[in-house]
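For reference, the chains in residue letters:
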Amino acid sequence: IQANSLKSPFSVIELTSAAKQLIAYNFTQKEVVDTTKRLGDVSAALGVPMERIVYNLGQIRAQTVLTARDARDFANAGLPMISNLAKLYTEQEGKVVSTGEVYDRMTKKMVTYNDVMKVFNNLTNEGGMFFDYQAKQAETLKGQLSNLKDAYDQMLNSMGKDSQGAIELPIKALRSMFENWKEVTNVLGLVIGAY
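Keep in mind it's a predicted model, so treat the numbers as computed, not measured.

## Observations concerning the overall build of the chain
Turning to step 1, where the next piece is worked out: Counting its regular elements, the chain contains eleven helices and zero strands.
Turning to step 2, where the next piece is worked out: Along the chain direction, N to C, the helices and strands of the chain fall in the order α-α-α-α-α-α-α-α-α-α-α.
Turning to step 3, where the next piece is worked out: Residues classed as buried in the chain amount to 35% of the 195 residues present.
Turning to step 4, where the next piece is worked out: Of all intrachain contacts in the chain linking residues separated by at least 6 positions in sequence, the fraction that spans at least 24 positions is 60%.
Turning to step 5, where the next piece is worked out: Carbon and sulfur atoms form 59% of the exposed surface of the chain, whose accessible area is close to 12000 Å².

## Things to note about the packing of aromatic side chains
Describing an aromatic ring pair means giving the distance of the ring centres and the angle of the ring planes.
Turning to step 1, where the next piece is worked out: Going through the model one piece at a time under the given rule, you end up with two aromatic pairs.
Turning to step 2, where the next piece is worked out: When the ring of F27 is compared with that of Y113, the centres are 6.2 Å apart and the planes differ by 80 degrees; the resulting orientation is edge-to-face. A residue pair is termed long-range when its members are at least 10 positions apart, and F27 in the loop between α1 (12-24) and α2 (29-46) and Y113 in helix α7 (residues 113-124) qualify at 86 residues. Each member of the pair, F27 as well as Y113, is classed as buried.
Turning to step 3, where the next piece is worked out: When the ring of F74 is compared with that of F120, the centres are 5.7 Å apart and the planes differ by 70 degrees; the resulting orientation is edge-to-face. Of this pair, F74 sits in helix α4 (residues 68-77) while F120 sits in helix α7, and the two are 46 residues apart along the sequence. Note on accessibility: F74 and F120 belong to one class, buried.
Turning to step 4, where the next piece is worked out: The side chain of R105 reaches across the aromatic face of Y89, ending 4.6 Å from its centre.

## Regarding helix α3 (residues 50-63)
Turning to step 1, where the next piece is worked out: Here α3 contains 14 residues, and its C-alpha end-to-end distance of 20 Å stays within 8% of the 20 Å for a straight helix at 1.5 Å per residue.
Turning to step 2, where the next piece is worked out: Those residues of α3 that fall on the buried side of the exposure criterion are M50, I53, V54, N56, L57, G58, Q59, I60 and R61.
Turning to step 3, where the next piece is worked out: On its buried face, α3 is in contact with α1, α2, α4 and α7.
Turning to step 4, where the next piece is worked out: Where α3 ends, the next residue or the one after it, T64, has phi of about 70 degrees, a positive value.

## Some remarks on the nonpolar core
Turning to step 1, where the next piece is worked out: Of all hydrophobic cores here, the largest spans 39 residues; its most connected members are L66, F74, M81, L85 and F120.
Turning to step 2, where the next piece is worked out: Only α1, α2, α3, α4, α5 (81-93), α6 (99-107) and α7 provide two or more residues apiece to this core.
Turning to step 3, where the next piece is worked out: Setting aside residues up to four positions removed in sequence, F120 forms contacts with R38, L39, V42, I53, L57, F74, L79 and M81.

## Re α1
Turning to step 1, where the next piece is worked out: An ideal rise of 1.5 Å per residue puts 18 Å on 13 residues; α1 measures up with 18 Å between its terminal C-alpha atoms.
Turning to step 2, where the next piece is worked out: Just past α1, the residue N26 takes up positive phi, approximately 70 degrees.

## Looking at the pattern of salt bridges
Turning to step 1, where the next piece is worked out: With the rule as written, the count across this model stands at seven salt bridges.
Turning to step 2, where the next piece is worked out: Taking the shortest distance from any N to any O, the salt bridge between K37 and D132 comes out at 3.5 Å. On the criterion of sequence distance, the pair formed by K37 in helix α2 and D132 in the loop between α7 and α8 (133-138) is long-range, its members being 95 residues apart.
Turning to step 3, where the next piece is worked out: For K37, a relative accessible area of 31% gives the class partly exposed.
Turning to step 4, where the next piece is worked out: With a shortest N-O distance of 3.2 Å, D104 and K108 are connected by a salt bridge.
Turning to step 5, where the next piece is worked out: For D104, a relative accessible area of 38% puts it in the partly exposed group.
Turning to step 6, where the next piece is worked out: The structure contains a network of salt bridges with shared partners spanning K37, D41 and D132.

Rules used throughout
- Residues numbered from 1 in each chain as written.
- Predicted model: local features only at pLDDT ≥ 70, side-chain atom pairs only at ≥ 80, totals over all residues.
- Heavy atoms only, no water.
- Helix = DSSP H or I, 4+ residues; strand = E, 2+ residues; numbered from the N terminus.
- Buried < 20%, exposed > 50% of the residue type's maximum accessible area, 1.4 Å probe, protein only.
- Contact = heavy atoms within 4.5 Å.
- Areas by Shrake-Rupley, 256 points an atom, 1.4 Å probe, with all protein chains shown as cover.
- Phe/Tyr/Trp six-rings, centres within 6.5 Å; stacked < 30°, edge-to-face > 60°.
- Lys NZ or Arg CZ within 6 Å of the ring centre and 35° of its normal.
- Expected span 1.5 Å × (residues − 1).
- Core = buried A, V, L, I, M, F, W, Y, C linked by side-chain atoms within 4.5 Å.
- Salt bridge = Lys/Arg side-chain N within 4 Å of Asp/Glu carboxyl O.

Everything listed here is a matter of geometry and, on its own, says nothing about what the molecule does.
Rendered as structure tokens:
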């Protein structure tokens, strides 16, 4: 995910947070990277927080079906899930399926998580409405500033790792001093008295 942040308007922390959310919803490790990228593309295109879309998709996965509430949440975010499901079913069944029929299927719990993922894949695959949108957004000023912040954070992390040993020793010594403050004050009293 860290490498993907360089082609994304999202910070490494945001991408990692999204991945952690997906893992919490029992997405496999293999699914997490691809799904995070797809959700990032949708989020970047719609200008909504990625955690919102991750939450909705996670709920659908946990419930195994699309509910009216989740469909409404997608619509409020600007994601045309119902019309795209109608298009998907029309292609799959070889007959016109209206949005009304999609709503009817939702009430009968017939719109599955897999159907929702097919729509996400169609929207984010090459030629889809949201294809590679993160990379496009990363070229904007906001994306460039996010990438600059990520590079700075990575530099600090690397510096911290490189100097960990040199920093650990004084910290351990200070902690030991605080833990043994009575002995330290006794020794300081003796040193001051001798001086």
